[in-house]
Amino acid sequence: MKKEYWIPAAIAAFLLMWWLIALIIRKRRDRFPYERRALLTENEKALYEVLAPVAERMGLLLLIKMRLADIMAVKSTARDYMSAFNRIKAKHTDFLLCDPDTLDVLVGIELDDNSHLRQDRIQRDEFVDGAYLACGIPLLHVWNPVTEEELMTAICNVL
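Note that the structure is predicted; figures quoted are calculated from it, not measured. (Residues numbered from 1 in each chain as written. Predicted model: local features only at pLDDT ≥ 70, side-chain atom pairs only at ≥ 80, totals over all residues. Heavy atoms only, no water.)

Comments concerning the overall build of the protein
(1) Moving on: Scanning the protein from terminus to terminus reveals six helices and four strands.
(2) Moving on: Seen in sequence order, the protein has helices and strands lined up from the N terminus as α-α-β-α-α-β-β-α-β-α.
(3) Moving on: Against the globule reference of 15 Å for 159 residues, the protein gives a C-alpha radius of gyration of 26 Å, more extended than a compact globule.
(4) Moving on: Principal-axis analysis of the C-alpha atoms places the extent of the protein at approximately 90 × 45 × 35 Å.
(5) Moving on: The buried share among the 159 residues of the protein stands at 26%. (Helix = DSSP H or I, 4+ residues; strand = E, 2+ residues; numbered from the N terminus. Rg over C-alpha atoms; globule rule 2.2 N^0.38 Å. Buried < 20%, exposed > 50% of the residue type's maximum accessible area, 1.4 Å probe, protein only.)

If you want it as structure tokens, here you go:
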């Protein structure tokens, strides 16, 4: 190959490689379109900061953001198992207080805010309340701000 053709060929090869690498990176990014997000909202963090010391004083394990499907199961006798499972698989409870030895769920805690005044959220809350009731697990609805004493009293009342 003549010397004058070598440099443009090398540049073309470099640009082609650059383009292929960019294409691979773009495909990988499109295949995994995820990004980090905060585990708790600011409102949930505020409740967590009040709830954590209460759980510690009571000797309970505090868990956050647990799916309903992880704490309750569809009865094997259910007529439409998949439909019932689909109703709980994508819903979660904000906080759970559990027995630290057995990991049994003792009480669920839902943080309510103004969004819970919307009709769709009211219906969702009614469903979740009914599911908890069916499982025999108490569920507290809490509005921020709340004090440690108010939380302790509410938790003791349901336990």
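Quick word on the packing of aromatic side chains
(1) Moving on: Inspection of the entire model under this criterion finds two aromatic pairs.
(2) Moving on: Aromatic side chains Tyr 48 and Phe 95 sit 6.5 Å apart centroid to centroid with 25° between the ring planes, which places their arrangement in the stacked category. Of the two residues, Tyr 48 sits in helix α2 (residues 42-58) while Phe 95 sits in strand β2 (residues 92-98), which places them 47 residues apart along the sequence.
(3) Moving on: Judged by its relative accessible area of 35%, Tyr 48 falls in the partly exposed class.
(4) Moving on: Between Tyr 81 and Phe 85 the ring centres are 6.4 Å apart and the planes differ by 0°, which places this aromatic pair in the stacked class. (Phe/Tyr/Trp six-rings, centres within 6.5 Å; stacked < 30°, edge-to-face > 60°.)

Some points on the state of the cysteines
(1) Moving on: Applying the stated criterion to the full structure yields zero disulfides.
(2) Moving on: With no disulfide of its own, Cys 98 lies closest to Cys 135 among cysteine sulfurs, the gap being 14 Å.
(3) Moving on: Accessibility expressed as a relative area gives 2% for Cys 98, which makes it buried.
(4) Moving on: In this model Cys 156 remains outside any disulfide bridge; the closest cysteine sulfur is found in Cys 98, 16 Å from its own.
(5) Moving on: Cys 156 gets classed as partly exposed once you look at its relative accessible area, which sits at 44%. (Disulfide = S-S within 2.5 Å.)

So, the sheet that holds β2
(1) Moving on: Pairing is mixed across the open sheet formed by four strands, whose spatial order is β1-β2-β3-β4. The outermost strands of the open sheet, each flanked by one partner alone, are β1 (61-67) and β4 (139-143). Each strand axis lies, on average, 30° off the axis of its neighbour in the sheet, ignoring direction. (Pairing = 2+ DSSP bridges. Axes fitted to C-alpha atoms, helices over the stretch in contact; angles between N-to-C directions.)

As for the pairing of β2
(1) Moving on: In terms of residue burial, β2 counts as a mostly covered element, since six of its seven residues are buried.
(2) Moving on: Judged from the six bridges that link them, β1 and β2 form a sheet pairing that is antiparallel. By the bridge assignment, Leu 61 is partnered in β2 with Cys 98.
(3) Moving on: Looking at chain direction, β2 and strand β3 (residues 105-112) are connected through four bridges and run antiparallel. Counted as the bridge partner of Leu 96 is Gly 108 from β3.
(4) Moving on: Linking β2 back to β3 in an antiparallel pair, the connection comprises six residues, with Leu 103 at a positive phi of about 65°.

Nothing here speaks to function; it is geometry throughout.
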